[in-house]
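# Results of the structural survey
Single-letter residue listing:
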Amino acid sequence: MYPDIPISYKKIPVAQNFLMYEFFYPDFSAWYKIFAKSFLLSSSLINAAQVIRTFFGQPVYISSVYRPKDTYGFHRYAMAINLHFGTDLVTLAKLKTILRDHRNNPPLFKCLRETGITGFGLESNHLHLDLRQFYFNFTDQIGQYQLFEI
Ligand SMILES: [Zn+2]
């Protein structure tokens, strides 16, 4: 679950539908491209992005990953990722509904939990996933997690 994959701006596959640079570009390069060429990312987050991509069968975009200058949150440690569906807010709404209904154990939720995801944040235009090991709100039968809305 902890950062284990060196991520850089390379157009090489890291999952069925994702190239490495998609995880690098969003925030990190804008701040650090002059000083650093890579950072470590948890493969759990890459796998989670692929789970969502496969489930919906349409492009998923990564808007944020590593934000080392943040003062709080899991993006500081490259232990969080933000995903969106471009202008397709219908699919995002569908995803939110599935996650809110997690107690029925829909396949998507179980798959995300199996990748190691423990934090689920629902925002107006994207989904935040993270690998928190503490500060859970509650526990259910398939593990600890937090579902929150901003
Ligand atoms: Zn986030």
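These lines cover the structure that appears in this document, whether it is placed above or below. (Residues numbered from 1 in each chain as written. Predicted model: local features only at pLDDT ≥ 70, side-chain atom pairs only at ≥ 80, totals over all residues.)

### Topic: helix H2 (residues 43–56)
Helix length check: H2, at 14 residues, gives a terminal C-alpha distance of 20 Å against a target of 20 Å (1.5 Å per residue), a fit within 8%. By the burial criterion, the buried members of H2 are Ser44, Leu45, Ile46, Ala48, Ala49, Val51 and Ile52. Just downstream of H2, Gly57 is the residue with a positive phi angle, here 65°. (Helix = DSSP H or I, 4+ residues; strand = E, 2+ residues; numbered from the N terminus. Expected span 1.5 Å × (residues − 1). Buried ≥ 20, exposed ≤ 12 C-beta atoms within 10 Å, placed from the backbone.)

### Description of the environment of Ser44
Within the secondary structure, Ser44 is located in helix H2. Sequence separation of Ser44 and Met79 is 35 residues, and the distance between their C-alpha atoms is 8.9 Å.

### Regarding the packing of H2 against helix H4 (residues 107–115)
Two numbers describe a pair of packed helices, the interaxial angle and the distance between the axes. Closest axis-to-axis distance for the H2/H4 pair is 8 Å, and the angle between their directions is 165°. Here H4 runs roughly antiparallel to H2, going by the angle between their axes. As H2 runs across H4, the sense of the crossing is right-handed. Between H2 and H4, the residues in contact are Ser44, Asn47, Ala48, Val51 and Phe55 and Leu108, Cys111, Leu112 and Thr115, respectively. Classifying every residue of the contact of H2 with H4 by side-chain character gives six nonpolar, three polar and no charged. (Axes fitted to C-alpha atoms, helices over the stretch in contact; angles between N-to-C directions. Parallel < 35°, antiparallel > 145°, perpendicular 65-115°, else oblique. Left-handed = near helix turned anticlockwise from the far one by under 90°. Contact = placed C-beta atoms within 7 Å. Nonpolar A, V, L, I, M, F, W, Y, C, P; charged D, E, K, R; others polar.)

### Looking at the pairing of strand E8 (residues 127–130)
On E8, burial covers both faces: Leu127 and Leu129 on one face and His128 and Asp130 on the other are all buried. Summarising the sheet, strand E6 (residues 80–84) and E8 pair through four bridges and their orientation is antiparallel. Along E8, the bridge assignment pairs Leu83 with Leu127. For strand E7 (residues 119–122) and E8, the ladder comprises four bridges, and the chain directions are antiparallel. What sits directly across from Gly119, in E8, is Asp130. (Pairing = 2+ DSSP bridges.)

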